[in-house]
Amino acid sequence: MKRVVIFASGSGSNAENLIKFFQNSDNVSVIQILTNNPHAKVLDRAKRLKVSALSFNRVAFTKTNDVLNILKVSNPDLIILAGFLWKFPETILNVFPNKVINIHPALLPKFGGKGMYGMHVHNAVVENKETETGITIHYVNENYDEGATIFQAKCEVFPTDTAEDVAAKIHALEMEHFPKVVEKLLNE
Ligand code: GRF
């Protein structure tokens, strides 16, 4: 069984979608949700879906090896960042080389980097009068949104689209593609 750990900071709709997709899988299991936000909605989802979840603070993540040690015990084949807002420490990346991936709600390298998350991204896409946007699933390295791309999917942006319209299109792309890309990656 391939073991997946998900890091999320907020709502966790991607985490829930991944958990449900692999619920009856014979070869992939989402074994744990980790969050930096003790009030994150993803914790309610984990509880409802009966998946183990823990929250941690910045000391445990970046100053001590506490989160790293949790991961060593969990022993994941893949670590997925799905709406996780803190920079991922090199100390953890070094222990799990090529095993940490992120989903970004734009076509990187466009609209990436620090501060580019959630509605900030979709607002920027609309303000920039982009004619298309999309999602990027990529490996995580020590810089925000700069690791090698694994997969992209695109959608059109119409001149009349609001940032909320764009967010809805991106959400649909994420729900459709993310679990399949994870499955393919784990079966390679
Ligand atoms: C998604 O749009 C994802 O691409 C981005 O953050 C959002 C998380 O949404 N990195 P959710 O918490 O999975 O609902």
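Before reading on, note that the structure itself is shown above.
Here the structure is a predicted model, which means the values were calculated and not measured.

Rules behind the numbers
- Residues numbered from 1 in each chain as written.
- Predicted model: local features only at pLDDT ≥ 70, side-chain atom pairs only at ≥ 80, totals over all residues.
- Heavy atoms only, no water.
- Helix = DSSP H or I, 4+ residues; strand = E, 2+ residues; numbered from the N terminus.
- Rg over C-alpha atoms; globule rule 2.2 N^0.38 Å.
- Buried < 20%, exposed > 50% of the residue type's maximum accessible area, 1.4 Å probe, protein only.
- Areas by Shrake-Rupley, 256 points an atom, 1.4 Å probe, with all protein chains shown as cover.
- Lys, Arg positive; Asp, Glu negative; His and termini not counted.
- Charge placed at Lys NZ, Arg CZ, Asp CG, Glu CD.
- Salt bridge = Lys/Arg side-chain N within 4 Å of Asp/Glu carboxyl O.

### Looking at the overall build of the protein
Here's step 1: A count of helical and extended segments in the protein gives 7 helices and 7 strands.
Here's step 2: Helices (α) and strands (β) of the protein occur, in sequence order from the N terminus, as β-α-β-α-β-α-α-β-α-β-α-β-β-α.
Here's step 3: For 188 residues, the compact-globule estimate of 2.2 N^0.38 gives 16 Å, and the C-alpha radius of gyration of the protein, at 16 Å, lies within 12% of that figure.
Here's step 4: Oriented by its inertia axes, the alpha-carbon framework of the protein measures out at about 50 × 35 × 35 Å.
Here's step 5: Looking at the 188 residues of the protein, the share that counts as buried comes to 49%.
Here's step 6: Counting only carbon and sulfur atoms, one obtains 50% of the accessible surface of the protein, whose full area is about 9700 Å².
Here's step 7: Of the charged side chains in the protein, 20 are positive and 20 negative; the average position of the first set lies 6 Å away from that of the second.

### Some thoughts on the environment of Thr160
Here's step 1: Mapping Thr160 onto the fold places it in the loop between strand 7 (149-156) and helix 7 (163-187).
Here's step 2: A sequence separation of 68 residues divides Thr160 from Ile92, and the C-alpha atoms of the two residues are 43 Å apart.

### Some points on the pattern of salt bridges
Here's step 1: A complete count under the given rule lists 7 salt bridges for this structure.
Here's step 2: The salt bridge partner of Arg45 is Glu16, with a shortest N-O separation of 2.8 Å. You can see Arg45 sitting in helix 2 (residues 41-49) and its partner Glu16 sitting in helix 1 (residues 13-22), a full 29 residues away along the chain. Across the pair, Glu16 and Arg45 agree in class, each one buried.

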